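Fold and geometry: a report
One letter stands for each residue in the lines below.
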Amino acid sequence: MAQSLWESFTVILSDPAFFNQMIKFSGNQPGTGGLVTFKDSNWLMSVVLPHQPHFANQPEDVQVFWGYALSPDRVGNFVAKPMADCNGKEILRELCGHLRFDLDTVQTANCIPCRMPYITSMFMPRQLCDRPLPVPAASKNLAFISQFVEIPEDVVFTVEYSVRVAQLAVYQLLKINLEVLPITAHDKSVKVQFEALLKALK
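Residues numbered from 1 in each chain as written. Predicted model: local features only at pLDDT ≥ 70, side-chain atom pairs only at ≥ 80, totals over all residues. Heavy atoms only, no water.

1. Let's talk about the nonpolar core
The line we're drawing: In plain words, nonpolar cores are sets of buried Ala, Val, Leu, Ile, Met, Phe, Trp, Tyr and Cys residues tied together by side-chain atoms within 4.5 Å. When a residue's accessible area, from a 1.4 Å probe over protein chains only, is under 20% of the maximum for its type it is buried; when over 50% it is exposed; and in between it is partly exposed. Counting from the N terminus, the helices are DSSP H or I runs at least four residues long and the strands are E runs at least two residues long.
Grouped together as the largest cluster of nonpolar side chains are 25 residues, with contacts concentrated most on Phe9, Phe18, Met22, Val47, Phe65, Ile91 and Leu95. At the level of elements, β1 (6–13), α1 (17–26), β3 (45–48), β4 (63–69) and α2 (88–99) are the ones that each hand at least two residues to this core. Residue contributions to this core peak at 5 residues, all from α2. Counting 6 residues, the second largest nonpolar core, distinct from the first, contains Met122, Val149, Val156 and Tyr161.

Next up, the structure:
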């Protein structure tokens, strides 16, 4: 569990102050940028602001965003205890500390923590034969679609992986002659390898 544990948090706001500050900070409108990751965070915290409204029937004066931490059992940088022991208010204090935002920007926030003990279990070390192929050998009417199906050279935990698995299963079982989405080999990128090396040396 210690190797696959995350803690996430969902934040509901009725004041645009936080979103306005994040737009100014990141230069991105909600839903247009990627995750904002705090690389020096003891919790390894990230947040993402999706396009609003995010949910069906979400009131116009309500905004929602999501965040998570990869190391919730470590003591925070701005809150002197592990994230796992923090309530929503303390998680927001840690977040605002990293952003250098005034706590007033989250005054109206409702922050809901969620501990996820096996969220990255799909990344755990394994052998090639530990997981099934989308369509097992000799199968005529059975396929698997999940993040726990083996696709060589692909990266789990992405929407693309889920779509690719479904395509492989449907195309193979129904003998559909269409091309499956190609896999982008980011691990072969010299830029990515160089950035990984710099991060490893810090």
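2. Thoughts on the pattern of salt bridges
Rules: A carboxyl oxygen of Asp or Glu within 4 Å of a side-chain nitrogen of Lys or Arg is what we treat as a salt bridge.
One pass over the full model with this rule turns up 8 salt bridges. Linking Lys81 and Glu90 is a salt bridge whose minimum nitrogen-to-oxygen distance equals 2.9 Å. By relative accessible area, which is 27% here, Lys81 ends up partly exposed. The class for Glu90 is buried, based on a relative accessible area of 14%. Two residues, Glu195 and Lys191, come together in a salt bridge whose shortest N-O distance is 2.9 Å. Of this pair, Glu195 and Lys191 both sit in helix α4 (residues 190–201), 4 residues apart, which is roughly one turn of the helix. For Lys191, a relative accessible area of 56% translates into the label exposed.

3. Re empty space enclosed by the protein
For clarity, the cut-off: Grid points spaced at 1 Å over the protein atoms alone were grouped into cavities, where a 1.4 Å probe fits but cannot get out, and pockets, open sets with protein on both sides within 12 Å along at least five of seven lines, with lining residues defined by an atom within 4 Å of a point. Grid points are joined across faces, edges and corners, and a volume is the space filled by probe spheres set on the points. Here the term charged refers only to Asp, Glu, Lys and Arg, the term nonpolar to Ala, Val, Leu, Ile, Met, Phe, Trp, Tyr, Cys and Pro, and the term polar to all other amino acids, Gly among them.
Overall, the coordinates contain 1 cavity of 30 Å³ or more when judged by the stated rule. Considered as a void within the structure, the largest cavity measures approximately 110 Å³ in volume. Lining the largest cavity are 13 residues, and of these Ser26, Asn28, Gly34, Val36 and Leu49 lie nearest its centre. Of all the secondary-structure elements, those providing two or more residues to the lining of the largest cavity are α1 and β3. For the lining of the largest cavity, the leading source of residues is α1, giving 3 residues. Counted by class, the lining of the largest cavity contains 7 nonpolar, 6 polar and no charged residues.

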